[in-house]
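# Understanding the architecture of this molecule
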Amino acid sequence: MAGATDTALVSEDTSETEAVAAGAVGLAAVLFALSLASVFELVTITDPVAGVPMVALLGGLLVVLGFAVVTFGVGSRLGYVATDPRPTAGLLASGTFGLIWFVVGGLVASQTLGLGTAGWVVASLVTGGAAFAVSALPREDIGSTLPAGALAVFAGVVFLTGVIGPSWLWDLGWEQQASFNAEFTIPVLTAFCSLLVGWAAAKAYGGFGARGRHIGAYVLVYLNAISIIALLFLLVAFTVLKGLPGLFKGLAFGAGAGPEVTLVGVTFSLPVSWPFVMNGVALLNDVNGVLPAIVGTIWLVVGAVLFAVPLGIGAAVFITEYADRGRFTQVVEIATNGLWSTPSIVFGLFGLAFLVPRLGNQKSLLAGMLTLGFMLLPLVVITSRESMLAVPDEYRDASAALGVTKWQTVRSIVLPAALPGIVTGIILGVGRIAGETAPILLTMSGSVAPPGSQTVDVLGGFQLQYAPPFVTNPELMQATSALPYQLYSLITAGVGQSSNISAIDEFRWATALILLVVVLGFYAIGIATRYYFRSKLQHD
Amino acid sequence: MSETRQTTDDAQATADSELAGGASPGTDQPLEVTSGETRERTREEWVEHEFEGEAKLSVSDLDVYYGDDHALKSVSMEIPENSVTALIGPSGCGKSTFLRCLNRMNDRIKAASIDGSVRLEGEELYQDGVNLVELRKRVGMVFQSPNPFPKSIADNISYGPRKHGDLDTGLLANLLGRSDDDAVDELVERSLQQAALWDEVNDRLDDNALGLSGGQQQRLCIARALATDPEVLLMDEPASALDPIATSKIEDLVHDLAEEYTVVIVTHNMQQAARISDQTAVFLTGGELVEYGDTDQVFEDPQSQRVEDYISGKFG
Ligand SMILES: Nc1ncnc2c1ncn2[C@@H]1O[C@H](COP(=O)(O)OP(=O)(O)OP(=O)(O)O)[C@@H](O)[C@H]1O
Ligand SMILES: [Mg+2]
């Protein structure tokens, strides 16, 4: 390969140049973290860090980093640093750099210099084309460092000179007055540039060539994964922080502190009083709570699962084990996939128009359970079918050769082997239906802020009688509340201000947090079940 | 496919027949040679095997196709009761296919179509109304590749009898005090002893069977098949992954089984076939049964030149 030196099988001790490159990668990672932190306003860009305003620090670091990688690339080209570059940086990298510089050139020409359409198009083409050429034509060490480093230096200079300073605002000029402000733009640009420079520095650290590309890709993927996890974490942390004050308001411990409960005929007082999860909403409550909605949500999910899981697994057993694979199973498969992607409001409408009139002609818990059950059904069918298909045919053959009937084989061999997969499907499905608002709104919504006395008592509601239908449960036939629905009405409809809830914002966030906890609780149960079934299938 | 082991004599013979393109000296059959394998016409009398007593299984004119692939060509064979029958032949000649026809496991392969007749104690297996579950209880099978269930070792063994309803260890039986737990333990121990596995696993009967080594899994599958107490046992290379000690235990087992059971065993090991079987069937490439008869006769004085070549290691 032209220009390639032989790669040693065992690399020698870390050289100084490698250490510099590694330092650049680390600095880029720090810069990336800093910019993420300021996107989420953990630090403001005007905050002084070590006596320098944040924006100056970001800009300065970008300039330093940019120069570092460019120096490394040029040094490698001139032969001062021993590397192993390919003849070109490759089409993907060149195309990306070309596109980035095309945008940069256009923005500078139109926004900063104020040129017209013809002007910015020409400027864009010039910068984009130049970047493409610089990246595609020279050897890889120049091609992958120069455009990235130059971009970082450029962005850094723009921040340092205050062209984009803390008070900068880019009005897009649309009617809605959409605009980008500096608090958002500066960190995002910095994050982007630091990713690019980090990638270039990582390539330099690997000495370019195959190893350099490997390390470059590794750094990109790693930073990306970390930022996604950070994002998730932030989302949850945000809800938790906002929700905690409302959630624990009025929490008290001590003998007899809590409300009275009756269990198996014995009445006693709970040793905890946790108003938010033990109360409803009432005029005389010190602290209002969401007990009816919590219980409603839990029963909804339990009902939907009890309804959908046996039906879904049964259907999957039929189409996987009994029906001949052909047109029919294909149609069923397409239909179930389609049903799973059907918007929930459509299911809700079906429940309202079909189930509600047939189940006592009023919105009821039962109607909600069945509607959510219908939503869950396709996913249970799909995942059960997938995991049964994944059970090796050898098991079925072995069982058949022992003179065991098909049904016994399915029950004793296929289903146990498929259960972990089936449970995974149920977990995913429950996660979706537990937070579903639209179907509940249409099929079972009761009062928005129900008092504690309206908590459904499904188990206690069963009544025996001597005439058909023998068992009735008025609790199932009543409307009740559920967390997502309550949250929805508290936020959009503004209900609640009029009722007795005082700190309405706190109340909303605490409701959201409780919903999160309930859903995660179902997840935990599901994962524990799956773990149990899986451990029975595996050795150790 | 076929390979010539070059002893001087063989090489000479091969060269001769290639040159001659037809008759080879020393035999009275018309011979043709293609790449080391003698071509000859199979004769009906080569597959006739005289024995005393009833035939347990009798196969006649059995043809098997996988799609357009003609895997077994008009095979006829009578298998005597309480004996060991070895099936040998080069890879891909249809031994497993033949074995699967004897308990209709080929029905489970979509592409397979079967034509001909197999009778178990005079009863036709390939007719409407045959109860496959009952058939497979009577004709058990050990597969070529070990396939234990992802269950504990003990559960693997007791699976068949429990599902047949011979043993009941369910919750209800436990509550009613009718549980056959002791019988299950006994069955597990006896079957594992027979398959020469007991000593290795008796302290971990509740461990998952997938944690066993390949050879242990193979013996577990033998034990599992024995536990259902079939009349006929079909074994497809049951010792392919075993060391000499375990192999000889399995051979002893097969020998013992022949007193009460009818065993049909596929093997690639000629010495093994010669040691343990009463009669031997040789299948050759193309799915033909070329020679079938008393094991001593087949190994010492084969009637077919191709079988002689195969047994002496000239090809296959
Ligand atoms: N399930 C199947 N589908 C299609 N063709 C098959 C199938 N099973 C076997 N065959 C074909 O039938 C022929 C005989 O196969 P078979 O498995 O009976 O050979 P074998 O004698 O058992 O070989 P080996 O000693 O390698 O196990 C082969 O040509 C094979 O390709
Ligand atoms: Mg085989």
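The rules behind the values
Residues numbered from 1 in each chain as written. Chains lettered and ligands numbered in written order. Predicted model: local features only at pLDDT ≥ 70, side-chain atom pairs only at ≥ 80, totals over all residues. Heavy atoms only, no water. UniProt positions renumbered as here; feature names shortened; annotations may be inferred. Helix = DSSP H or I, 4+ residues; strand = E, 2+ residues; numbered from the N terminus. Rg over C-alpha atoms; globule rule 2.2 N^0.38 Å. Buried < 20%, exposed > 50% of the residue type's maximum accessible area, 1.4 Å probe, protein only. Contact = heavy atoms within 4.5 Å. Areas by Shrake-Rupley, 256 points an atom, 1.4 Å probe, with all protein chains shown as cover. Lys, Arg positive; Asp, Glu negative; His and termini not counted. Charge placed at Lys NZ, Arg CZ, Asp CG, Glu CD. Near = heavy atom within 4 Å. Polar contact = N/O pair within 3.5 Å; in protein donor to acceptor, adjacent residues only side chain to side chain.

The name an unreviewed UniProt entry gives chain B is Phosphate ABC transporter ATP-binding protein, with Haloferax prahovense as the organism.

An unreviewed UniProt entry lists chain A under the name Phosphate transport system permease protein PstA, with Haloferax prahovense as the source organism. Taken from UniProt, the Subcellular location (unreviewed entry) comment for chain A reads in full: "Cell membrane". Turning to chain A, the UniProt record has this under Sequence similarities (unreviewed entry): "Belongs to the binding-protein-dependent transport system permease family. CysTW subfamily."

## Some words on the overall build of chain A
What chain A contains, in helices and strands, is 17 helices and 10 strands. Relative to the globule expectation of 24 Å for 540 residues, the C-alpha radius of gyration of chain A, 31 Å, shows a markedly less compact shape. With the C-alpha coordinates aligned to their principal axes, the bounding extent of chain A is approximately 95 × 70 × 55 Å. Taking all 540 residues of chain A together, 43% fall into the buried category. Contacts spanning at least 24 positions in sequence make up 72% of the contacts within chain A whose residues lie at least 6 apart. Working note: accessible area of chain A is about 27100 Å², and carbon and sulfur atoms make up 68% of it. Computed over 21 positive and 28 negative side-chain charges, the separation of the two mean positions in chain A equals 9 Å.

## With respect to the site of ligand 1
Residue and element names in this part refer to chain B. Near ligand 1 lie 15 residues; those nearest to it are Ser-91, Lys-95, Ser-96, Thr-97 and His-268. Between ligand 1 and the protein, one listed contact pairs an oxygen atom with a backbone N or O atom of Gly-92 at 2.8 Å. The contact in question runs from an oxygen atom of ligand 1 to an N or O atom on the side chain of Thr-97, over 2.5 Å. For ligand 1, whose accessible area on its own is 630 Å², the fraction buried by protein is 66%. Where the shell around ligand 1 is concerned, the elements lending two or more residues are strand 4 (69-80) and helix 2 (95-102). A per-element tally of the shell around ligand 1 places helix 2 first, with 4 residues.

## A word on the UniProt feature "domain: ABC transporter" (unreviewed entry) in chain B
UniProt records the feature "domain: ABC transporter" (unreviewed entry) for residues 57-311 of chain B in the present numbering. The distance separating the terminal C-alpha atoms of residues 57-311 of chain B is 26 Å; by composition the span is 38% helix and 25% strand.

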